[in-house]
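This is what each chain is made of:
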Amino acid sequence: ARDSALAAIAAATDLEQLKTVRTEHAGDRSPLALANREIGALPPQARKEAGQRVGQARGAVNQALAARQEVLEAEHEARILVEEAVDVTLPTDHDPVGGRHPLTTGAELIADIFVAMGWEVAEGPVIEAEWLNFDALNLGPDHPARTMQDTFWTEPADHHIVLRTHTSPVQARTMLTRTPPIYVVCPGRVFRTDEYDATHSPMFHQVEGLAIDEGISMAHLKGTLDHFAAQMFGDGITTRFRPSYFPFTEPSAEVDLTCFVCRGTGLKDGTTEHCRTCRGEGWIEWGGCGMVNPRVLQACGVDATRYSGFAFGMGIDRTLMFRHGLEDLRTLFEGDVRFTTAFGSEL
Ligand code: PHE
């Protein structure tokens, strides 16, 4: 029994097998355990000798089991180290990491165009005081133009806090905290209670520009926007002003951009048909602008007898749609990584 137990122990090649061997050869029903129990039944003079033999055999078997256990455990651990090793140099099949969003790179591109002219970038909060979003900009509580921009109000209403409906409150903040000359662009997110469709969204992006200095005129405004248009869309793309109304500028104008598709001809390429993008106009709407209303200068602590200024504001999303020929505004907001990576992080 002892020899067959020792042979079985030596033959066990893993811990599982050794467990079976232990039950068979050292367990309660093993031949050696039975032999041990039978010692009592032997004649007294034979007991001592039998007891020694069985005891030695059991000792040897237990020792062999313990030794084998140790060897097999060590082997097991060594094997795990090898089998479960991770080769960090192998190529992976992970999902691509994605790309910077065209709205981020687009806002940076716009900022760069102005920074190159010596302007600065200013930012303001998205959750804004009603006073800065409206009153400081010459839109009093009952001003009819308030409904031009359907506003998201926060609760409680008597705190007078809104989600800003345009980036113009950043103009007001800038004038309130700095002294002229001021040349800033303010890109940012704005909110209006608009439907969500191919050309509208309750959340979109604007870029505001503000220049306050001595002797600033409408000619400076026109020159600045023409330069912006050419930088953004290429040589030959320029702007046109149409008279308009904004409470915070006087005079005010809508800014049109040379249609980037027909490049101002109003015709579909090589045909006598109307260009579809501008409906034959040769121009498309880009944003609003004007000379800062002296009432706004006063409300924001700027000396209107000494300084004048211009301001403009346009949709960044719309600008990017033009630049990239996007048909649906929503593609900019839906977070599809295939869309984002297609821009390759550069504009
Ligand atoms: N704030 C205006 C809008 O959201 C745009 C604008 C900005 C017009 C600055 C004039 C001057 O429609």
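Values in this document were obtained by computation on a predicted structure and should not be read as measured data.

Enquirer: Quick question: what am I supposed to make of the site of the ligand here?
Expert: Contacts to the ligand come from 15 residues, most closely from His-166, Ser-168, Arg-192, Gln-206 and Glu-208. Take His-166: an N or O atom from its side chain is 3.1 Å from a nitrogen atom of the ligand. Sorting the residues of the shell around the ligand by element identifies helix 7 (168-177), strand 5 (203-213), strand 8 (283-292) and strand 9 (308-315) as the ones contributing at least two each. Top contributing element to the shell around the ligand by residue count: strand 9, with 3 residues.

Enquirer: Quick question: what am I supposed to make of the packing of aromatic side chains here?
Expert: What describes a pair of aromatic rings is the distance from one ring centre to the other and the angle between the planes of the rings. Evaluation of the coordinates by the stated rule reveals 14 aromatic pairs. Ring geometry for Phe-233 against Trp-286: centres 5.8 Å apart, planes inclined by 75 degrees, an arrangement best described as edge-to-face. Remark: Trp-286 occurs in strand 8 and Phe-233 occurs in helix 8 (residues 218-233); sequence separation between them is 53 residues. For the pair formed by Phe-233 and Trp-286, the shared burial category is buried. Site record: aromatic cluster; members linked through ring pairs are Phe-114, Trp-119, Tyr-183, Phe-228, Phe-233, Phe-260, Trp-286, Phe-310, Phe-312 and Phe-322. A cation over an aromatic ring shows up here: Arg-330 above the ring of Tyr-196, its NZ or CZ 6.0 Å from the ring centre.

Enquirer: Please clarify how the environment of Gly-315 should be interpreted in this entry.
Expert: Following the sequence through the fold, Gly-315 ends up in strand 9. Residue Gly-315 is classed as buried on the basis of its relative accessible area of 14%. Put simply, Gly-315 and Arg-189 are 126 residues apart on the chain and 9.7 Å apart in space, counted from C-alpha to C-alpha.

Enquirer: Explain helix 10 (residues 316-324) to me, please; I cannot follow it from the model alone.
Expert: For an α-helix the count is 3.6 residues per turn, leaving residues at separations of three or four pointing the same way. Within helix 10 the residues assigned to the buried category are Ile-316, Asp-317, Thr-319, Leu-320, Met-321 and Phe-322. Two residues or fewer after helix 10 comes Gly-325, characterised by a positive phi angle close to 60 degrees.

Enquirer: Explain the pattern of salt bridges here, please?
Expert: Once the charged atoms of two side chains with opposite charge are near each other, the side chains can pair. For the structure on display, the rule yields 10 salt bridges. As a salt-bridge pair, Asp-256 and Arg-242 come within 2.8 Å of each other at their nearest N and O atoms. Taken together, the residues Asp-256 in strand 7 (residues 249-258) and Arg-242 in strand 6 (residues 239-246) connect sequence positions 14 residues apart. The class for Asp-256 is buried, based on a relative accessible area of 2%. The closest approach of N and O atoms between Arg-330 and Asp-328, which form a salt bridge, is 2.9 Å. The partly exposed category is assigned to Arg-330, whose relative accessible area is 25%.

Quick notes on the rules
Residues numbered from 1 in each chain as written. Predicted model: local features only at pLDDT ≥ 70, side-chain atom pairs only at ≥ 80, totals over all residues. Heavy atoms only, no water. Near = heavy atom within 4 Å. Polar contact = N/O pair within 3.5 Å; in protein donor to acceptor, adjacent residues only side chain to side chain. Helix = DSSP H or I, 4+ residues; strand = E, 2+ residues; numbered from the N terminus. Phe/Tyr/Trp six-rings, centres within 6.5 Å; stacked < 30°, edge-to-face > 60°. Buried < 20%, exposed > 50% of the residue type's maximum accessible area, 1.4 Å probe, protein only. Lys NZ or Arg CZ within 6 Å of the ring centre and 35° of its normal. Salt bridge = Lys/Arg side-chain N within 4 Å of Asp/Glu carboxyl O.

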